[in-house]
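Working through the structure, step by step
The chain contents come next:
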Amino acid sequence: MQGTTTTRVNLRRGPGTGQPVLLVLDAGTPVTFDAAGGDWLQVQAEGQSGFVSSHFVAQEQQSVPAGFVGVPGSDPLPGIELAPQPSQQIHLGPDATSVERTVAATWNHAGNVLNALATHMKFAAGCAVAVFGTESGGSAFGPGGRMIIRFENHHFFEFWGRANPDTFRAHFQFHAVKPWTGHQWRAAADGRFQSVHASQSSEWSAFQFAGTLDATAARLSISMGGPQILGSNFAQAGFESVEQMFDAFASSEKRQIVAFFDFLQGTSTHPPKVLALQQRNFVRFAQLYNGPANAAEYSARIASCFETFERLCPNT
């Protein structure tokens, strides 16, 4: 079998971090091995035989087919229904935990498409359910039929506020050291600051006000829909502009899900986010998807949802 290292990695004499290092393989080094399985691979590389961690090798059989970027129309999967058949849905009792309810809601509502696309990407359906459940509680649209959003003050500062600091500070705040926290806003410069993230109503109010200052910058600064993809990542999600992404996400939950898979894949045949999900390395996935600051929290929540799905839906 063939593979390629995804980062600089130690080639060790035996399987384990306590084994001596024979040499360090650069990212992109071709390796060959007889069998895959477990956390360590016995490989041939650079003329030597040794062991490398399987988490840092993109294996040939993990290569994923082309995604759906550029597929015309609002529904790239017209033959696949959103929800699974009633017989395949999860049924809970009255004492279900909050994690069980999140997993069941996510799967029962969109499991058929999640399963089809996870199969396309060669990872378990439970990984897709876990990420969706963690990011949005299984919801793509909220009260009044508006898509779920999260307005990020610190991103709006980068896209608009840095060039307009006085106006920005009159209406928006965020923590100077931890900019992803302390998000407050007010419409009137002499009004009382309030939390942006108190509810979907407050998220939308802050976002719509920001839109009066710069509509494009405001859209670049929100995480959208079920997968909570930041607007500034519109190209990686398969859109020509943030406006096109916003309109697509507002129109269809299925379109959100397909965009999520396009975002995971990018243009690589061995995309790092997909590899992390194939390997069920949720810490690495959270680092790539949510950023290093919140990786521990998000990876624990994703792992909890995944384990719950595997227990509730073991044959999927």
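This text goes with the structure placed above it.
What you see is a predicted model; the values in this text were computed from it and never measured.

With that settled, the discussion passes to the sheet that holds strand β12 (residues 222-224). A sheet is described by the order of its strands in space; here three strands give the open sequence β8-β12-β13, paired in antiparallel fashion. Single-partner strands in this sheet number two, and they are β8 (149-151) and β13 (229-230). Taken together, the two bridges between β12 and β13 define a ladder with antiparallel strand orientation. Counterpart to S223 in the pairing with β13 is L230.

Here we come to the pattern of salt bridges. Using the criterion set out here, one finds six salt bridges in the structure. A salt bridge links R8 to D26, with the shortest nitrogen-to-oxygen separation between them at 2.7 Å. Here R8, found in the loop between β1 (2-5) and β2 (9-12), pairs with D26, found in the loop between β3 (21-25) and β4 (30-33); they are 18 residues apart in sequence, far enough to count as distant. Classification of R8 by relative accessible area gives exposed; the value is 55%. Note that D166 and R169 form a salt bridge whose closest N and O atoms lie 3.1 Å from each other. Remark: R169 and D166 occur in helix α4 (residues 165-171); sequence separation between them is three residues, near one turn of the helix.

Phi is positive for K122, close to 65°, though the residue is something other than glycine. As for its position among the elements, K122 is in the loop between α1 (98-120) and α2 (125-136). Phi at Q228 takes a positive value of approximately 55°, unusual for a residue other than glycine. Assignment of secondary structure puts Q228 in the loop between β12 and β13. For Q228, a relative accessible area of 12% gives the class buried.

Looking now at helix α8 (residues 253-265). If you check α8, its first and last C-alpha atoms are 19 Å apart, about what 13 residues at 1.5 Å a residue would give, namely 18 Å. Judged by how many residues are buried, α8 sits mostly within the fold: 13 of 13 residues are covered. The N-capping residue of α8, defined by a side-chain oxygen 3.2 Å from the backbone nitrogen of K254, is S252.

Our focus in this paragraph is the nonpolar core. Residues F123, F151, F156 and F261 are the most contacted members of the largest nonpolar core, which totals 67 residues. Broken down by element, this core gets its largest block of residues, eight residues, from α1.

The next thing to look at is helix α10 (residues 282-290). Among all positions in α10, only F282, F285, A286 and Y289 are buried. For α10, the angular spread of the buried residues around the axis is 100°, confining them to a single face.

Our next topic: the environment of Q279. As for its placement among the helices and strands, Q279 is situated in the loop between α9 (272-278) and α10. Q279 gets classed as buried once you look at its relative accessible area, which sits at 18%. Between the alpha carbons of Q279 and G38 there is a distance of 9.9 Å; along the sequence they are 241 residues apart.

With that out of the way, let us pick up the state of the cysteines. Applying the stated criterion to the full structure yields zero disulfides. The cysteine C127 is free of any disulfide, with C305 supplying the nearest cysteine sulfur at 11 Å. Residue classification places C127 among the buried positions, given a relative accessible area of 0%.

What follows deals with the packing of α1 against α8. A pair of packed helices can be characterised by two numbers: the angle between their axes and the separation between those axes. Viewed as axis vectors pointing N to C, α1 and α8 meet at an angle of 30°, and their least axial separation amounts to 11 Å. With respect to α8, the element α1 is oriented roughly parallel. The crossing of α1 and α8 is right-handed. Residue-level contacts link H109, A110, V113, L114, L117 and A118 of α1 to E253, K254, I257, V258 and F261 of α8. When grouped by side-chain class, the residues that make up the contact of α1 with α8 number eight nonpolar, one polar and two charged.

What counts and what doesn't
- Residues numbered from 1 in each chain as written.
- Predicted model: local features only at pLDDT ≥ 70, side-chain atom pairs only at ≥ 80, totals over all residues.
- Heavy atoms only, no water.
- Pairing = 2+ DSSP bridges.
- Helix = DSSP H or I, 4+ residues; strand = E, 2+ residues; numbered from the N terminus.
- Salt bridge = Lys/Arg side-chain N within 4 Å of Asp/Glu carboxyl O.
- Buried < 20%, exposed > 50% of the residue type's maximum accessible area, 1.4 Å probe, protein only.
- Expected span 1.5 Å × (residues − 1).
- Polar contact = N/O pair within 3.5 Å; in protein donor to acceptor, adjacent residues only side chain to side chain.
- Core = buried A, V, L, I, M, F, W, Y, C linked by side-chain atoms within 4.5 Å.
- Arc of directions from axis to C-beta.
- Disulfide = S-S within 2.5 Å.
- Axes fitted to C-alpha atoms, helices over the stretch in contact; angles between N-to-C directions.
- Parallel < 35°, antiparallel > 145°, perpendicular 65-115°, else oblique.
- Left-handed = near helix turned anticlockwise from the far one by under 90°.
- Contact = heavy atoms within 4.5 Å.
- Nonpolar A, V, L, I, M, F, W, Y, C, P; charged D, E, K, R; others polar.

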